[in-house]
Amino acid sequence: MSVKVYIPTPFRKITGNRTFVDAEGIDVNGVLRDLDQRFPGFGEMVFDGEQELLEHVNVYVNNHEITSLNGPETPVADGDELAVIPAIAGGAGAAMTPEMVERYSRHLIMDQVGPLGQRKLIDGKILAVGAGGLGSPVLVYLAAAGIGTIGIADFDVVDRSNLQRQIIHGTSDIGRMKVDSAKNRILDMNPNINVITHTSPLTSDNAMEIIPEYDVIINGADNFATRYLVNDAAFLAEKILVDGSIFLFEGQVTTFFPGEGCYRCLYPSPPPPGMVPSCSEAGVLGVLPGTVGAIQATEAIKVLLEQGEPLKNRLLLYDALAMDFRTVKIRRDPGCPLCGDAPTVTELIDYEEFCGSPFHEN
C-alpha cells in the first residue's frame, strides 16, 4: 500500500528537507520500516534498541493517534496519510504531551507551523484588552491555537445586552466579571494555557506594569481614551500592537510594529466628544466583531509564528453591507508626537483629558 507520510521539521534533514514523502507498507510498522530503508537513520529517530516505537514519538493515521487504533499494527490503505510527530521542547519549556500533540495535530502537519511553530505559540504571551465584542473571538481563537499565556484586561460585568455579539459569555454569566466568564470559557476549551486576568481599568498608572509583560497586545477597547492609552503604552514598551475597531457594519484592523508607525500616525487626535457615537448609542451588527476579532487573532498568531505578511503599514477596511475588504497604505508620520523624529509624548499622559471622555471597556 502506498501512503503519504508527513515528516516533522526535526526529521527533515534525513529526507532531504522534504515535508511529505511516499512510503509502502500494509501497516504502520511496515511503512516506518520502509522509510528507514529509503532514508537511513530514520529508524533510529523513531525506534528504540528493542525496535519499539520511542515513547516521545506519536504516529497518526488520518489524524488518529495509533494508540487509539491498533498501535504499530494499524493497517493502512492506498491514499492514507501518516504523520510522525515527536515531542519537542523550546527553551526552558517542557516537551509537548501526547494530548497536546493530538490537540494541535492540524497545526503540526502544516509547513508554516509544524512542531517548532507550535512551540512558538505555546511560549507566546498575548494580552487582549477587552473581553467584549472583539475580545470574544480573539480569546477563543488564541486559546484554541495554544497561546501559552493569555492576559485579559477588562473591568466590566456581563450584561444581557452583551450577548448579541459577545459570544464568549452566556446567559448564566450575566452579572459576572467578564474576565472570569472569559477565563472559564477558554480554560474549558484548552486547559493547557495560562490565563491572567486584569480586573482594574487600564490607566496611565498601571498600563506600564501590565503591557510590558506580553509579546503582542490586541486592542479591542470601545473608547478612544483606552485606545490611545494602549497605543502609547505598547509603543513605549516596544510591543507589537494589533488594533481593531467596529461600528455599525464596518470594521478596521491594523498592526503596529515599534518604530514603524502607531495609532497617532493614523489618527493624530480623537474626534470631539459626541461626534462619533459609541456602539451602545448607534449599535453594531452582532456578527461584525466575530469577523474583525478573528482577523486580529490571525494577525497575532502570524506575528508569533513569523509567517506571512502582517498588516504592517496597512489598514484593512471591512464593509459587511457591501461584503467588501480593502486595504489602504498608512505610514509613520515623522511629526508624530509619539513615534516621530522629535517626540513630545515620552510617557503616558492623562487620556481622559486628551480624549475628553472617560475610560470604559465593553
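Residues numbered from 1 in each chain as written. Predicted model: local features only at pLDDT ≥ 70, side-chain atom pairs only at ≥ 80, totals over all residues. Heavy atoms only, no water.

## Side note on the sheet that holds strand β8 (residues 194-198)
Through backbone hydrogen bonds, the strands of a sheet pair up, either in parallel or in antiparallel fashion.
Part 1 of the argument: Spatial ordering of the open sheet is given by β8-β7-β6-β9-β10-β11-β12-β13, a layout of eight strands whose pairing is mixed. The open sheet terminates on both sides in strands that have one partner only, identified here as β8 and β13 (324-329). Direction aside, neighbouring strands of the sheet carry axes that sit 15° apart on average.
Part 2 of the argument: Sheet topology places strand β9 (residues 216-219) next to strand β10 (residues 240-247); four bridges connect them, and they run parallel. Each bridged residue has a counterpart across the sheet, and for Asn 219 the counterpart in β10 is Asp 243.
Part 3 of the argument: Relative to strand β7 (residues 149-153), helix α6 (residues 135-145) is tilted by about 165°, and along the sheet it contacts β6 (125-129), β7 and β9.
Part 4 of the argument: Against the sheet, helix α9 (residues 224-236) engages β6, β9 and β10, with an angle of about 165° to β10. (Pairing = 2+ DSSP bridges. Helix = DSSP H or I, 4+ residues; strand = E, 2+ residues; numbered from the N terminus. Axes fitted to C-alpha atoms, helices over the stretch in contact; angles between N-to-C directions. Contact = heavy atoms within 4.5 Å.)

## Overview of the environment of Gly 251
Part 1 of the argument: Mapped onto the elements of the fold, Gly 251 is located in strand β11 (residues 250-256).
Part 2 of the argument: Separated by 66 residues in sequence, Gly 251 and Leu 317 have C-alpha atoms that sit 6.0 Å apart.

## Quick notes on the layout of surface pockets
In this approach, a probe sized like a water molecule rolls over the atoms, and the result shows the empty space that is left.
Part 1 of the argument: Its boundaries defined by the atoms lining it, the second largest pocket holds a volume of some 230 Å³.
Part 2 of the argument: Considering the residues around the second largest pocket, the lining is formed by 13 residues, among which His 107, Ala 145, Ala 297, Thr 298 and Ile 301 are closest to the centre.
Part 3 of the argument: At the level of elements, α6 and α12 (288-305) are the ones that each hand at least two residues to the lining of the second largest pocket.
Part 4 of the argument: No other element matches α12, which puts six residues into the lining of the second largest pocket. (1 Å grid on protein atoms, 1.4 Å probe; cavity = no way out; pocket = protein on both sides within 12 Å on 5 of 7 lines; lining within 4 Å. Points joined across faces, edges and corners; volume = space filled by probe spheres on them.)

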